[in-house]
Each structure stands twice: as structure tokens, then as C-alpha cells.
Number of protein chains: 2
Amino acid sequence: MSLPSPQEQLPLLTSGSNHLVSAPELLKKLSENRPLRVKLGFDPSSPDIHLGHAVTLRKVRQFQDLGHLAVIIIGDYTAMIGDPTGRSKTRPALSPEQIAENARTYQDQIFKIIDPAKTEIRRNSEWFGQFSYADVLKLNSRMNVARMLERDDFKKRFEAGVGITLTEFQYPLMQGYDSVMVRADVELGGNDQLFNNLVGRDLQKDDGQEPQVVMVMPILQGLDGQNKMSKSLDNYIGISEPAIQMFGKAMSVSDELMVQWHPMVIGETYNTERHPMQAKKHMAFRIVEQYHGKDAAVSALADFETRFSKKDIIHADLPQFAAEAREYGLIELAEAAYKNSFEITKSRGDIRKLIQQGSIQFAGEKITDPAARITPKPGDILRLDKTHAVRVS
Amino acid sequence: MSLPSPQEQLPLLTSGSNHLVSAPELLKKLSENRPLRVKLGFDPSSPDIHLGHAVTLRKVRQFQDLGHLAVIIIGDYTAMIGDPTGRSKTRPALSPEQIAENARTYQDQIFKIIDPAKTEIRRNSEWFGQFSYADVLKLNSRMNVARMLERDDFKKRFEAGVGITLTEFQYPLMQGYDSVMVRADVELGGNDQLFNNLVGRDLQKDDGQEPQVVMVMPILQGLDGQNKMSKSLDNYIGISEPAIQMFGKAMSVSDELMVQWHPMVIGETYNTERHPMQAKKHMAFRIVEQYHGKDAAVSALADFETRFSKKDIIHADLPQFAAEAREYGLIELAEAAYKNSFEITKSRGDIRKLIQQGSIQFAGEKITDPAARITPKPGDILRLDKTHAVRVS
């Protein structure tokens, strides 16, 4: 099979990207008729890949399908250090064992999307482990303070008087230096990585390399439709989640968000002629199909229709909830069900809102009075929200 | 001999300082009744000590005379690196041999002022030579960007849009870390070191040490009365210069500058009852006495009076100037005499000014016409300015 020409590759490779520096440079590199080295960084402190990460990984896959090489950088050196201030929960210091374990977990997941045969995996401890203070000073001489403060989040914090430690200035430099070390042709990332990736260009030029092309992808909004998808906000779909859970979560998004998600998550333009419920099922199906295959998608769709669309919730395979044989306040009962069956801690205020919104049903009845009192019996179904329900045991 | 009490030491030690953080802390440390560790840093890229440096070194000596210990930090680690941008001439990269040689030269000079028996000499390569990138990141986490940009010169350059490399942010941190490593009780320096020395306090506190007392001394103006004394501006008196040259240079300062110099250079209040010429001779005498002893000072004074005050220049031991046996323009002659006998390059414009000011004498006659033409003979004395004259050979 012969590959598309550079002119044909260009629109394919840049489709869906948010920012590209620059198209002529990418075309020039493609015309060199060699596999390009397409870099993507990975922070081993959070190995769980969700659909937000998948947006970029799918782009990596597209490069691979056109004959290019993925270069995955595992940021193990910085992960071993963590956040030196100890203030950030998202940057704990990890042991070498934890890093190895997370890297393994990460690889298992990314290889559901990208092709292991066209992937080179590198660890940045290879080079940073050798650095002396003198090397750090040399690297630091290549970047200046004003340029660093152009980064959007630094600029805002600086203007607002919110402290930026000098350590934070090191990370973009280190990430940029990774590009020098692997001689990246292209660096991919989310939109929030634009500044850091451009630093890589600067350092490569400074070192006499052709600067990497920088392409960033839009940031995927999470299930809440408000914030970027992230594990810490619990508004994500992990690509290793069970098929039924994945399907249910996808069905829970708003119609508006579904339209946004179509191109980013399943690579399709939203079909406005479809009924929104049908379109959403189609999207959920495609998501499950990507990560679990077609059979699993068919089953998940069927399960969903049984449980929710047909309102015949009794036959579905619900988690058990061992209630005591006594009267509960509805809020107390829902709180215990979330906690015991799903390990979710909901505030009483949040549960009160769910009740008032009509989300909660008990034994087939919607209950909208937060003061309602209930005596559960084995076999009763308590529906909590679109994706959570339990059977009393 | 019993030493003064802390309450008696305090005014002695703080006299002449420009800024002190803080008097109560210094008093508390003095009351601990132990030798305080008094830190002073030295940049081995410029080993020549002049009277500007001596202001601080004399303060170190004062601490020693009261029983305290000088801790001299030789910044050999940074000197080996130099300025990584290569742009700064004042920070060339030095070889280990050059650093050793400069450190030796430096020690020979400082021990004319401070007491070697109460001095500990440390090199910052001891600790920075061991640093990994991880250690640098940890150190950097203790300082923030906004704080760093409070430093006067950084602030001005940042506001003026003049680039500050990230490397420059490292030097105050490194200097501060030196204080942690030597457990400094006091750090001395020139006024321009105030910010850097306060960083040392921050880092020590962060490490659970009592923060060092910071005392900075005023910056000495150079011979020109315009700029800070510095080698690169050639407006200095080196403490190893020959006695006669030292005396002559001291006599060349303006009356105004002499008043300023009195407390900083010879530790005396200017005596307004003295005639300015007498006061200046007194100051020059004391300076020579400090660095060459009383006999040399007596000779230098006698020499000066012979040459200039008594206008009996013929008997002094002047440098020879081999003029050709022909007619010269006065400007041309003076230019050649400066160049050949003193290796000083003067512009023709400057020489014209000297002539017009009546500075130049030939064969005992003041000549104020820049167009004068002269045929020098062996034995003729050409006086150029207060400190330079030649004998034609």
C-alpha cells in the first residue's frame, strides 16, 4: 500500500487541531520522505488515561498510520521529585517502583490507541539524571524571565500576586530539553501545552536542530460540561472502564456537550438529522467499540436500553446495597447507598438537590421531598441518578 | 584582655554601615558569648582588591578584633562556569588553575587587612559540585518569582524590557545557600549585595537555622567622584599598588570626595579645622600607612612634597621619556609621553583640556596654548598632571 503524498497528508494530520506552528514547516518535513519523530510527554504521577488524553493519542495514531514514529517521553525524573513544596497533591513524589508500575499501566492503555510497533519509549531520567548544577545554569541561560511570564497561567498568577516558585520555571525548560534530546520533529499535546512545546522549538533552534512542529489539540470538556475532563474532578470516562459503565457515562452528557464531543471523541461530524437520543446512543456505542470492540458495544447498548430507556430497571444487574431493617431519612439512605455501593462521597446538600431535581426514585416512584422517610426492604430498587442505582439486599 | 560587652560591641560593629537587619538580632547573637561566623563572599574572576573592597574587609577585621571568625566563601563553582551566555566580560569561565591563582592573589591581599588566624576559607564547589537537577529544583522551590523581581536591578530591567536570563535568578539563590552551608551568623557586603544577602536569611529560616544578620556597607566612590570604585573604570586605588602611586592617587581626589572618603577609607571623621590640602595629605598618609606601614608613608609624603608641593620636580625619580631630537606640537608630545612612559592612551581632546587648565608644564614653565611647539632636550621635565611627569632622555 502506498502512502498519501505530503500534500494529501497535511490536511489529514492537522484536522481537528487547535493550533499549529507551522503548516509550511510540517509540509517541508513530510516532504523529506522519512518517518517523522512525533513526541508526546506523559506524567507518570497520573497513569489513568481518559477520553481527554485520547484526543491527542488518536492524533498520534493518525501519524503512525501514515508511517510516522511515536516518541513517548515518560517524565520519570520529575516524578521521582514530585512537587518540592509538597503543596500540590497532583505531583506527589513517586518511588521508582511506583513509576515503573504507572508506566506499565499507562502503556497498557495507550496501546489500545497507538501502535506499539511504531513507538519509541524514552525516560527523561536518561539525561536529567546526569545533570550538574553547571548544566542547569547553562540550560537556564537560554530562556529569559519575561518570555516565561508570557505563559498564560504564569502571567495571570503574577499579575494577581499569586506566588510562582522558581521551580515552576524549570518544568517548561525541562520539557523543551526533552525535545532536543529525542530530536523531535513534531510535538503533540493539549492546548494547555502550547507554551511549553514552543520552548522546545526555541531550545532546538538554539542547538542547531530544525525546530519541531508544534500541534496542540483542543481540550475535551468533562461529563459536567463545565470543566476540562480530569480525574481529580471525577468528570471523566477512563478508557479502561467497563463497557457498561463507559456507555452509561457517555449517555449522561448534555446534548450540547454531545455535539462538541462528536469530532473530538469519535472523529465524526455530528449528524443533525438524528434525534439527540439516537445520536447520543450512537456516540456511546462508538466509544465503547473503540476500547472494547463491537460485541461489547452491542451488549452495552442493549443493557442501557433495558435499564433506562425502557425504564425496566428491575432486570438489570444492579449493585447490592445492604440496608438495615429500619426507617431512613431519604437523604441518609441515598448518602449510604452512594458510599457503600459506589465509594462516592456526596454531600447532603448535593443529595438534597438531586431529590429536588427529581433524580431519585424508590421502588419505581420519583420522590421529590427531601424530608421523605423510607423503610427499605430487600429487592427494592433505589435509583440515585442517571448512572447509579442499587438493589436493597 | 577582656572583650567589650555585647552592648559595647554593637555600636562599634554597626558604625559606618548602610543597612542592618537587624540590631536586636545582632545583639542577641553577641550575647551568646561565642565567636560569630562572619561571612563574606569573593568572586575569583576579579582578584584585585581596591579601597572599595577594603571598606567591607575593614569591617570584617573589626569583628575579628572583637573575637569573631571570618568565613570567606570563594565562589569557585560559579567561576568555573562563567557567564553561560558568554556575553559578560566580567564573568569569564576560569580554569581550576586560574581560580587557584586568583584565590591565592586574593588571600595575599585580604590578609593585609584581616587576620588569617581568625579566618576560615571555603569553596562553594564543596556543595554545588554535588548538586543534581533534583537538588536544584528543591532549592528553587524555596524562592518565588515576584520576590526575585523585587531586586532593584532585576525590577528595572524587567520594567524596561531588558532580558533577564533564568540563570541570573540562580545566583542569589546560590549565594543564599552558601550561608546555609557555612551556618553564617552575619553576612557582610557592599550595599549592592543587600538583596542577595537577605535571600540567605530566607533560606536559613526555611532550614530551621537562626537567620544571619545582614549588614551592608556604603559603596565607595572612585577617584573620578562619579562612579563606584571599580577596576574596569580605572578609577581605583589597589591595596597592593606601590606606596608613591597610592599616595599620588589619593592626593588627586576632589576636596568633596576626600570628605566622603575619610570615614570609609581611614575610619576617621573629617576634621573641618584642617586646611583641605593638609587634610588630604593626612588621608593619603593614613592610606599608605595601612597597606605599607609608617615608614613607607613618611617617604611617600616626602616624595610628594618634593615633586609637587614644593614644585622642585627636578630631584624626583621620574620615568624617562625618549623624545626625538626635533620640534613637537605640545599635544603630540604629551600624548607620546603618556603612552610611552605610562601606557596611558589619552585623546587629543583630553590633552587639549589639560593644557587649557594649566596642568602641563615644560622645563618649569606652565604652557596654556594648545598650539605651542616645543623642541625637547635630554634632562627637560615635562609635567603632565598631578601624578604624572617625565624626564626627557
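Small disclaimer: the values here were computed from a predicted structure and weren't measured.

In this section: the overall build of chain A. On a plain count of helices and strands, chain A comes out with 17 helices and 13 strands. With the principal axes as the frame, chain A shows a C-alpha extent of 75 × 50 × 40 Å. Put simply, chain A has 393 residues, and 49% of those count as buried. Residue pairs in contact within chain A that sit at least 24 positions apart in sequence constitute 67% of those at least 6 positions apart.

With that out of the way, let us pick up the interface of chain B and chain A. Interfaces are often sized by the amount of accessible area the parts lose when they come together. Tallying the contact residues gives 32 residues for chain B and 32 residues for chain A. The junction of chain B with chain A conceals about 2,800 Å² of combined surface from both sides, 75% of it contributed by carbon and sulfur atoms. Contact with chain A buries area across many residues of chain B, yet Tyr 133, Leu 137 and Leu 166 of chain B alone supply 30% of it, more than any other trio. Summed over the shared surface of chain B and chain A, the result is 0 salt bridges. Taken together, chain B and chain A are joined by 16 residue pairs in polar contact (both at pLDDT 80 or more). Sorting the residues of the side of chain B that touches chain A by element identifies α4 (76–81), α7 (133–140), α8 (145–148) and α10 (166–182) of chain B as the ones contributing at least two each. Taken together, the residues that form the side of chain B that touches chain A break down as 22 nonpolar, 9 polar and 1 charged.

The next subject is unusual backbone geometry. Residue and element names in this part refer to chain A. Cis geometry marks the peptide bond from Val 21 to Ser 22, where omega comes out at -5°. When you line up the elements, Ser 22 lands in the loop between β1 (19–21) and α2 (23–30). In this structure, Asp 234 takes a positive phi of about 55° despite not being glycine. Tracing the backbone through its elements, the reader meets Asp 234 in the loop between β6 (213–217) and α12 (243–251).

Here we take up the pairing of strand β13 (residues 388–392) of chain A. All names here are of chain A. The element β13 is largely enclosed, with a buried count of 5 among its 5 residues. Because side chains alternate across β13, one face comprises the buried residues His 388, Val 390 and Val 392, and the other comprises Ala 389 and Arg 391, equally buried. Pairing analysis gives 2 bridges linking strand β7 (residues 320–321) to β13, with the strands arranged parallel. Its bridge partner lying in β13, Gln 320 is registered against Arg 391.

Turning next to the packing of α7 of chain B against α10 of chain B. Residue and element names in this part refer to chain B. It is the contact of α7 with α10, at a shortest axis distance of 11 Å, that shows an interaxial angle of 90°. Judged by the angle between their axes, α7 and α10 are roughly perpendicular. Packed against α7, whose contacting residues are Val 136, Leu 139 and Asn 140, the element α10 presents Gln 170, Leu 173 and Tyr 177 at the interface.

In this section: helix α11 (residues 194–206) of chain A. Residue and element names in this part refer to chain A. In a regular helix each residue adds 1.5 Å, so 13 residues correspond to 18 Å; α11 covers 19 Å between its end C-alpha atoms and thus fits that length. Every buried residue of α11 is accounted for by Leu 194, Phe 195, Asn 196, Asn 197, Val 199, Gly 200, Arg 201, Leu 203 and Gln 204. Within two residues after α11, Gly 208 carries a phi angle of roughly 80°, on the positive side.

Now for the side chain of Lys 59 of chain B. All names here are of chain B. Turning to its location among the elements, Lys 59 is positioned in helix α3 (residues 51–65). Buried and unpaired, Lys 59 has Asp 65 as its nearest opposite-charge partner, separated by 11 Å. If near-sequence neighbours (up to four positions away) are discounted, Lys 59 is found in contact with Leu 12, Leu 13, Thr 14, Ser 15, Leu 188, Met 215 and Met 217.

This part covers the packing of helix α10 (residues 166–182) of chain A against α10 of chain B. At a minimum axis separation of 12 Å, α10 of chain A and α10 of chain B run at an interaxial angle of 145°. Where α10 of chain A crosses over α10 of chain B, the two elements pack in a sense that is left-handed. Residues Leu 166, Phe 169, Gln 170 and Leu 173 of chain A of α10 of chain A pack against Leu 166, Phe 169, Gln 170 and Leu 173 of chain B of α10 of chain B. Classifying every residue of the contact of α10 of chain A with α10 of chain B gives 6 nonpolar, 2 polar and no charged.

With that out of the way, let us pick up the relation of the copies chain B and chain A. Here chain B sits on chain A after a turn of 178° about the axis and a move of 0.3 Å along it, with an RMSD of 0.8 Å. Such a combination of rotation and displacement between the chain copies is what one expects of a two-fold axis. Nearest to the rotation axis, the C-alpha of Ser 132 of chain B is located 3.2 Å from it, this being the minimum over chain B. Most of the interface of chain B is mirrored in chain A: 100% of its interface residues are interface residues there too.

Bringing the packing of aromatic side chains into the picture now. The final tally for this structure, using the stated rule, is 19 aromatic pairs over all chains. When the ring of Phe 128 of chain B is compared with that of Phe 131 of chain B, the centres are 5.3 Å apart and the planes differ by 70°; the resulting orientation is edge-to-face. Residue classification places Phe 128 of chain B among the buried residues on the basis of a relative accessible area of 0%. Note on Phe 131 of chain B and Tyr 177 of chain B: the rings are 5.4 Å apart at their centroids and 75° apart in plane angle, and the pair reads as edge-to-face. Of this pair, Phe 131 of chain B sits in the loop between α6 (125–128) and α7 while Tyr 177 of chain B sits in helix α10, placing them 46 residues apart in sequence. Taking relative accessible area as the criterion, Tyr 177 of chain B reaches 14% and is therefore assigned buried. The structure contains a cluster of three or more aromatic residues connected by ring pairs, namely Tyr 77, Phe 128, Phe 131 and Tyr 177 of chain A together with Tyr 133 of chain B. Positioned over the ring face of Tyr 328 of chain A is Arg 326 of chain A, at 4.0 Å from the centre of the ring. A cation over a ring is seen here: Lys 346 of chain B above Tyr 338 of chain B, with NZ or CZ 5.3 Å from the ring centre.

Okay, the side chain of His 282 of chain A next. Relative to the helices and strands, His 282 of chain A is located in helix α14 (residues 276–292). If we skip the residues at most four places from it in the chain, His 282 of chain A touches His 262, Ile 266, Glu 268 and Arg 274 of chain A.

For the rest of this paragraph, the subject is helix α1 (residues 6–14) of chain A. Along α1 of chain A, the residues that are buried comprise Gln 9, Leu 10, Leu 13 and Thr 14 of chain A. Take α1 of chain A and look down its axis: the buried residues cluster within an arc of 110°, on one side only.

Right, let's talk about the sheet that holds β6 of chain A for a bit. Residues and elements named next belong to chain A. The mixed open sheet is built from 6 strands, whose spatial order is β1-β6-β5-β2-β3-β4. Each end of this open sheet is capped by a strand with a single partner; those strands are β1 and β4 (119–123). Taken pair by pair, the neighbouring strands of this sheet meet at an average axis angle of 20°, ignoring direction. Sheet analysis places strand β2 (residues 37–42) next to strand β5 (residues 186–190), joined by 2 bridges and oriented parallel. Paired with Val 38 across the bridge in β5 is Val 186.

Tracing the backbone through its elements, the reader meets Gly 222 of chain A in the loop between β6 and α12. With sequence-adjacent residues up to four places away left out, Gly 222 of chain A is seen in contact with Asn 227, Lys 228, Met 229, Asn 235, Leu 257 and Trp 261 of chain A.

Quick look at the pattern of salt bridges now. Close approach of charged atoms allows side chains of opposite charge to pair. Across all of its chains, the model carries 61 salt bridges over all chains by this definition. Of the charged contacts in the structure, one is a salt bridge between Glu 32 of chain A and Arg 34 of chain A, with a shortest N-O distance of 2.9 Å. Its relative accessible area of 36% is what places Glu 32 of chain A among the partly exposed residues. Between Arg 151 of chain B and Asp 153 of chain B there is a salt bridge, with the nearest N and O atoms lying 2.8 Å from each other. The network of salt bridges with common partners includes Lys 28, Lys 29, Glu 32, Arg 34, Asp 185 and Glu 210 of chain B.

The rules we used
Residues numbered from 1 in each chain as written. Chains lettered and ligands numbered in written order. Predicted model: local features only at pLDDT ≥ 70, side-chain atom pairs only at ≥ 80, totals over all residues. Heavy atoms only, no water. Helix = DSSP H or I, 4+ residues; strand = E, 2+ residues; numbered from the N terminus. Buried < 20%, exposed > 50% of the residue type's maximum accessible area, 1.4 Å probe, protein only. Contact = heavy atoms within 4.5 Å. Buried area = accessible area lost by both parts, 1.4 Å probe. Salt bridge = Lys/Arg side-chain N within 4 Å of Asp/Glu carboxyl O. Polar contact = N/O pair within 3.5 Å; in protein donor to acceptor, adjacent residues only side chain to side chain. Nonpolar A, V, L, I, M, F, W, Y, C, P; charged D, E, K, R; others polar. Pairing = 2+ DSSP bridges. Axes fitted to C-alpha atoms, helices over the stretch in contact; angles between N-to-C directions. Parallel < 35°, antiparallel > 145°, perpendicular 65-115°, else oblique. Expected span 1.5 Å × (residues − 1). Lys, Arg positive; Asp, Glu negative; His and termini not counted. Left-handed = near helix turned anticlockwise from the far one by under 90°. Least-squares fit on C-alpha atoms with pLDDT ≥ 70 in both. Phe/Tyr/Trp six-rings, centres within 6.5 Å; stacked < 30°, edge-to-face > 60°. Lys NZ or Arg CZ within 6 Å of the ring centre and 35° of its normal. Arc of directions from axis to C-beta.

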